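# Chains, contacts and geometry: an overview
Here is how the chains run, residue by residue.
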Amino acid sequence: MDVKVENKADLLRKLPSVNELLLHPDVRALAAEEGPASVTDAVRKVLARVREEIAGGHLDAAGIEVALQNAPTAVQRQLRQDLSLSLKSVINGTGVILHTNLGRAPVAAAAVAHVQQIAAGYSNLEFDLATGERGKRDIHVDRLFRKLLDEDWNGAKQSVSTIVVNNNAAAVLLALNTLAEGSEVIVSRGELVEIGGSFRIPEVMVKSGAILREVGTTNRTRLSDYENAISEKTRLLLRVHRSNFEITGFAQRPALPELAELGGKHNLPLLEDLGSGAFFDLQSVGVSNEPGVFESLRSGVSVVTYSGDKLLGGPQAGMISGNSALVSRMRSNSLFRALRADKLTYAALEATLLAYIKRDYEAIPALRMMRLSKPEIAARAQAIAHDFQSPHISLEIIDGASVIGGGAAPSAVLPTSLLAISSSKSNPDQMASRLRQFDPPIVARIEDGLLLIDLRTVFPEQDQLVNAALNTL
Ligand SMILES: *Cc1c(COP(=O)(O)O)cnc(C)c1O
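Residues numbered from 1 in each chain as written. Predicted model: local features only at pLDDT ≥ 70, side-chain atom pairs only at ≥ 80, totals over all residues. Heavy atoms only, no water.

### Things to note about the packing of aromatic side chains
The relation between two aromatic rings is expressed through the spacing of the ring centres and the mutual angle of the planes. The full count for this structure, using the stated rule, is six aromatic pairs. Geometrically, the ring pair formed by F145 and F279 is tilted, given 5.9 Å between the ring centres and 45° between the ring planes. Here F145 is found in helix α7 (residues 139-149), whereas its partner F279 is found in the loop between β13 (270-275) and α12 (293-298), with 134 residues between them in sequence. Across the pair, exposure class does not vary: F145 and F279 are buried alike. Put simply, the rings of F145, F279, F280, Y306, Y356 and Y361 touch in pairs and so form one group of aromatic residues. (Phe/Tyr/Trp six-rings, centres within 6.5 Å; stacked < 30°, edge-to-face > 60°. Helix = DSSP H or I, 4+ residues; strand = E, 2+ residues; numbered from the N terminus. Buried < 20%, exposed > 50% of the residue type's maximum accessible area, 1.4 Å probe, protein only.)

This is the structure:
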């Protein structure tokens, strides 16, 4: 269609003003329901679109008539888009259990219920019901962490305290700042890691005001390297979990007990950034060499930091557990106030920890997913494949591996059965994109040119939805 320039000006003049369109009965009804501000905004967007179409020469007089007739509907559609929630539930078909982009650990049903109750009303968050006086928010979970961590350490009964901050990055920052501001912290060069999302040990060190003293080499650091670096400026030894990579081959670093002993000899605490921090025996799911919180403390580490939404399977949070005197210094640091966790986090964490105390691992979704066996997953995949019919798409079940993710056990893989989807008509990227447009969106993974869905990370009650989505491809 070719609309002449002089006609465009005439056409533009035909358009109603924002105020005129707002007076349309249908639009007024919308304003009464959704509030005038968002309706005015939607009207502006709709009129701007029509103006653009005129300017682009895509609308003539007749087209404008139609556009104006449809304007109230367009306003309604615009409103629905503007006022919809941006954060949506998705189905995780990737097989990565702690997928950072998909929100890491799903929390337990009991945690959700507790959050709902605590969030919707008032609570004794910082109120001691026995005395009627002000209380501390961390006591709600500290008592549960004690149940999980208190023990006779090396024969001597040691009391372990835990405080909670916003996330593990905050926990590392608080611990370094409290224990070593203005002084040196000795770290192996093989542990100066970057975790996704720009968490880098050297940078956190700078922010904390502590001074990084690197020792050893990337692949080998000896106990003597630490020992030779100790001076009157040293305040802390730091061990960092390598999380997202491994150093294999010609590699060496001191065992934790050796490092702890060296610290003890020089009166230096040993801080370990565990990253994940498991309270669950990962060997039982075939994952070895992933240190737990308990094991680290038993090895003599003074203080450990770890995330709430990684292997713990709880809400986003950062925990600092260890020697009570050191943890108490962190609690009095004014940074603790700035980094503190909110009541929803405490509620979810408390319910999650209770599941651990009861050893009810099935209640924690991330652990439940880790414990799923390959035959269980294969049976569900077969049920979906059995119900599937399409002339263009073939659905196969192949062997594969799920990953824990979240920087835990980087090389550990859990054997699984995958749904492998291929089509003569569309490529894997196109199909993956269509699955993401499903309601709820399904996130699959592409490997070796195949579109894959790993049911390990799909909740069984979502299998039907996966089935329905595959049938729309
Ligand atoms: C994941 C991780 C962090 C960051 O933890 P967040 O809870 O995401 O802030 C820090 N250190 C290590 C070793 C990690 O694996």
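Back to the text.
### Focus on the domain arrangement of the protein
The domains assigned to the protein are domain 1 (5-82), domain 2 (91-98 + 369-472) and domain 3 (109-363). On a C-alpha basis, the centres of domain 1 and domain 3 stand 56 Å from each other. (Domains from an automatic or database assignment.)

### Thoughts on the site of the ligand
Around the ligand sit R104, N167, N168, A169, I195, F199, H241, S243, D273, G275, S307 and K310, and those are all the residues in its vicinity. At 2.6 Å, a side-chain N or O of D273 approaches a nitrogen atom of the ligand. Within the side chain of K310, an N or O atom sits 2.8 Å from an oxygen atom of the ligand. Relative to its unbound accessible area of 380 Å², the ligand is 94% covered by the protein chains. Counted by class, the shell around the ligand contains three nonpolar, six polar and three charged residues. (Near = heavy atom within 4 Å. Polar contact = N/O pair within 3.5 Å; in protein donor to acceptor, adjacent residues only side chain to side chain. Areas by Shrake-Rupley, 256 points an atom, 1.4 Å probe, with all protein chains shown as cover. Nonpolar A, V, L, I, M, F, W, Y, C, P; charged D, E, K, R; others polar.)

### Some remarks on helix α13 (residues 324-331)
Each full turn of the α-helix corresponds to 3.6 residues, which orients residues three or four apart in the same direction. The set of residues buried in α13 consists of L326, V327 and M330. Projected down its long axis, α13 shows its buried positions confined to an angular sector of 95°, all on one face. Considering only its buried residues, α13 is in contact with β7 (160-165), α8 (168-180), β14 (303-307), β15 (318-323) and α14 (334-338). Taking the backbone nitrogen of A325 as reference, a side-chain oxygen 2.9 Å away marks N323 as the first, capping residue of α13. (Arc of directions from axis to C-beta. Contact = heavy atoms within 4.5 Å.)

### A closer look at the nonpolar core
A general feature of soluble globular proteins is that nonpolar side chains tend to end up buried together. Of all hydrophobic cores here, the largest spans 56 residues; its most connected members are L149, F279, Y306, Y356 and M370. When residues of this core are assigned to domains, at least three fall in each of domain 2 (91-98 + 369-472) and domain 3 (109-363). Grouped together as the second largest cluster of nonpolar side chains are 31 residues, V165, L173, A180 and A210 included. (Core = buried A, V, L, I, M, F, W, Y, C linked by side-chain atoms within 4.5 Å.)

### What about unusual backbone geometry?
Comment: phi is negative for the bulk of residues other than glycine, and the bulk of peptide bonds are trans. For the peptide bond that leads from D439 to P440, omega is 0°, which places it in the cis range. Here P440 shows up in the loop between α18 (428-436) and β18 (442-443). Residue R104 is not a glycine yet carries a positive backbone phi of 55°. Relative to the helices and strands, R104 resides in the loop between β2 (96-98) and α6 (109-120).

### Examining the sheet that holds strand β19 (residues 445-447)
Think of a sheet as strands paired side by side through backbone hydrogen bonds, with each pair either parallel or antiparallel. Across the sheet, five strands lie side by side as β2-β16-β17-β20-β19; this open sheet has mixed pairing. Since the sheet does not close on itself, it has two edges, and those belong to β2 and β19, each with one partner. Mean inter-strand twist for the sheet, computed between neighbouring axes without regard to direction, equals 40°. Of the strand pairs in this sheet, strand β16 (residues 393-405) and strand β17 (residues 413-423) are connected by eleven bridges, and their pairing is antiparallel. By the bridge assignment, D399 is partnered in β17 with S417. Strands β16, β17 and β20 (450-454) of the sheet are contacted by helix α17 (residues 374-386), whose axis makes an angle of about 15° with β17. (Pairing = 2+ DSSP bridges. Axes fitted to C-alpha atoms, helices over the stretch in contact; angles between N-to-C directions.)

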